[in-house]
Amino acid sequence: MPDTNMTDTNMTAAALAPYRVSAYNTAHDSENKIHDDATARRFGFGGGLVPGVDVYGYITHMPVARWGRAWLERGTAECRFFKPVYDGETATVIAGEDAAGLEIIVESRGERCATGRAALPAMPAIAPALASFHKVAQHAVRPPADETSLAIGIWLGLDPYPITPELAAQHRADLREALPLYAEEGLIHPAMILRACNFVINRNVALGPWIHVSSRIQHLAAAHIGASLSARGRVTANYEHKGHRFVDVDVLVLADENPIAHVAHLAIYQPRQVVGP
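Computed from a prediction, not measured in an experiment: that's the story for all the values here.

Description of the overall build of the chain
Helix and strand counts for the chain stand at six helices and eleven strands. Looking at the 277 residues of the chain, the share that counts as buried comes to 53%. For the chain, long-range pairs separated by at least 24 residues make up 73% of all intrachain contacts whose partners lie at least 6 apart in sequence.

Here it is as structure tokens:
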């Protein structure tokens, strides 16, 4: 992962049993060519990156195993991505529990690739007022991603799209997620909810290769398979740091127009390219 303004996290809590998953690059053929081997190498990587939302999916195995449905209804999470996870490699998720919740690390190839935290507040969070997030349609024609199209204060919309049982089952299979809760209770996986935040960006502006950097998530309600997801987002920051251009979007994710998650979503929308010899 290119160097960013993110800082590392120390693992200080007592470790729980590690969770290991064979990583799978679900986006190898996507529009975002940072997941393509040849393009990713131009930016200094060893191959196409496993999407950050999928690495987040590996992270969420721990709080769901620990707290179950309650975490999907009112839990919080943070994820930060430092180094890539590659297709076919083993990702090891290590978690420790303290009074504040779970502190989580994802390692692969002997390197720390991502960190996270998860917690289960005693009481549900109060959802932001729906009227405070402007409802706008996603752009029919996407302008190039730049300081104008992603200017601070711009509202971005994501039109509803259905989460069918087939789509949800394939998503869990791609994540190698074996927890029975999702199928037994008909619940959408939280990684699919976070992916809606990516869609708020890439369905409204035309991007080259781009990289999900971090997210802070507040669950507001569990989302059920069969619902249609949509989102409303506002650009809160757009800046350059060490040759990368970053965008931060405040996103409210909805299921059938009901708020299910409030997310601060940070991405590098123009990464610094490594110039070869």
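After presenting the structure, the write-up continues.
A few points about the packing of helix α4 (residues 165-175) against helix α6 (residues 190-202)
Remark: α4 packs on α6, axes separated minimally by 10 Å, with the N-to-C direction vectors making an angle of 100°. When the axes of α4 and α6 are compared, the pair comes out roughly perpendicular. Listed contacts from α6 to Leu 167, Ala 168, His 171 and Leu 175 of α4 are Ala 191, Met 192 and Arg 195. Considered class by class, the residues forming the contact of α4 with α6 number five nonpolar, one polar and one charged.

Some thoughts on the packing of aromatic side chains
What describes a pair of aromatic rings is the distance from one ring centre to the other and the angle between the planes of the rings. All chains considered together, the criterion is met by three aromatic pairs. When the ring of Tyr 239 is compared with that of Phe 246, the centres are 5.1 Å apart and the planes differ by 5°; the resulting orientation is stacked. Assessed through its relative accessible area of 0%, Phe 246 is described here as buried. When the ring centre of Tyr 161 is taken as origin, the NZ or CZ atom of Arg 203, which lies over that ring, is 5.2 Å away. The positively charged end of Arg 203 is found above the aromatic ring belonging to Phe 199, 3.9 Å away from the centroid.

Describing unusual backbone geometry
Where the residue is not glycine, phi is negative for most of them; where a peptide bond is considered, it is trans in most cases. In this model, Arg 176 sits at a positive phi of 60°, which is unusual for a non-glycine residue. Inspection of the secondary structure puts Arg 176 in the loop between α4 and α5 (181-185). By relative accessible area, which is 40% here, Arg 176 ends up partly exposed. We note that Lys 242 has phi near 55°; this positive angle belongs to a residue other than glycine. Note that Lys 242 resides in the loop between β9 (228-241) and β10 (244-255).

Here's the deal with the nonpolar core
Counting 69 residues, the largest nonpolar core has Tyr 56 and Tyr 58 as its most contacted members. When residues in this core are grouped by element, the largest group, nine residues, is from α6. Apart from the residues lying within four places of it in its own chain, the contact partners of Tyr 56 are Trp 71, Ala 77, Cys 79, Phe 81, Pro 190, Ala 191, Leu 194, Ile 217 and His 219.

A short note on the packing of helix α2 (residues 52-67) against α6
Axis separation between α2 and α6 bottoms out at 9 Å; the angle between their running directions is 150°. One finds that α2 runs roughly antiparallel with respect to α6. Pair α2 / α6 crosses with right-handed handedness. The segment α2 lies against α6, with Val 53, Asp 54, Tyr 56, Gly 57 and Thr 60 engaging Pro 190, Ala 191, Leu 194, Arg 195 and Asn 198. Class assignment of the residues belonging to the contact of α2 with α6 gives a composition of five nonpolar, three polar and two charged.

Here's the deal with the confidence of the model for the chain
Chain-level statistics for the chain give a pLDDT mean of 88 and a share of 84% at 70 or above. A low-confidence stretch, residues 1-14 stays under pLDDT 50, and its non-local contacts, those more than four residues away or across chains, total 51 contacts.

Calculation rules
- Residues numbered from 1 in each chain as written.
- Predicted model: local features only at pLDDT ≥ 70, side-chain atom pairs only at ≥ 80, totals over all residues.
- Heavy atoms only, no water.
- Helix = DSSP H or I, 4+ residues; strand = E, 2+ residues; numbered from the N terminus.
- Buried < 20%, exposed > 50% of the residue type's maximum accessible area, 1.4 Å probe, protein only.
- Contact = heavy atoms within 4.5 Å.
- Axes fitted to C-alpha atoms, helices over the stretch in contact; angles between N-to-C directions.
- Parallel < 35°, antiparallel > 145°, perpendicular 65-115°, else oblique.
- Nonpolar A, V, L, I, M, F, W, Y, C, P; charged D, E, K, R; others polar.
- Phe/Tyr/Trp six-rings, centres within 6.5 Å; stacked < 30°, edge-to-face > 60°.
- Lys NZ or Arg CZ within 6 Å of the ring centre and 35° of its normal.
- Core = buried A, V, L, I, M, F, W, Y, C linked by side-chain atoms within 4.5 Å.
- Left-handed = near helix turned anticlockwise from the far one by under 90°.
- pLDDT = per-residue confidence, 0-100.

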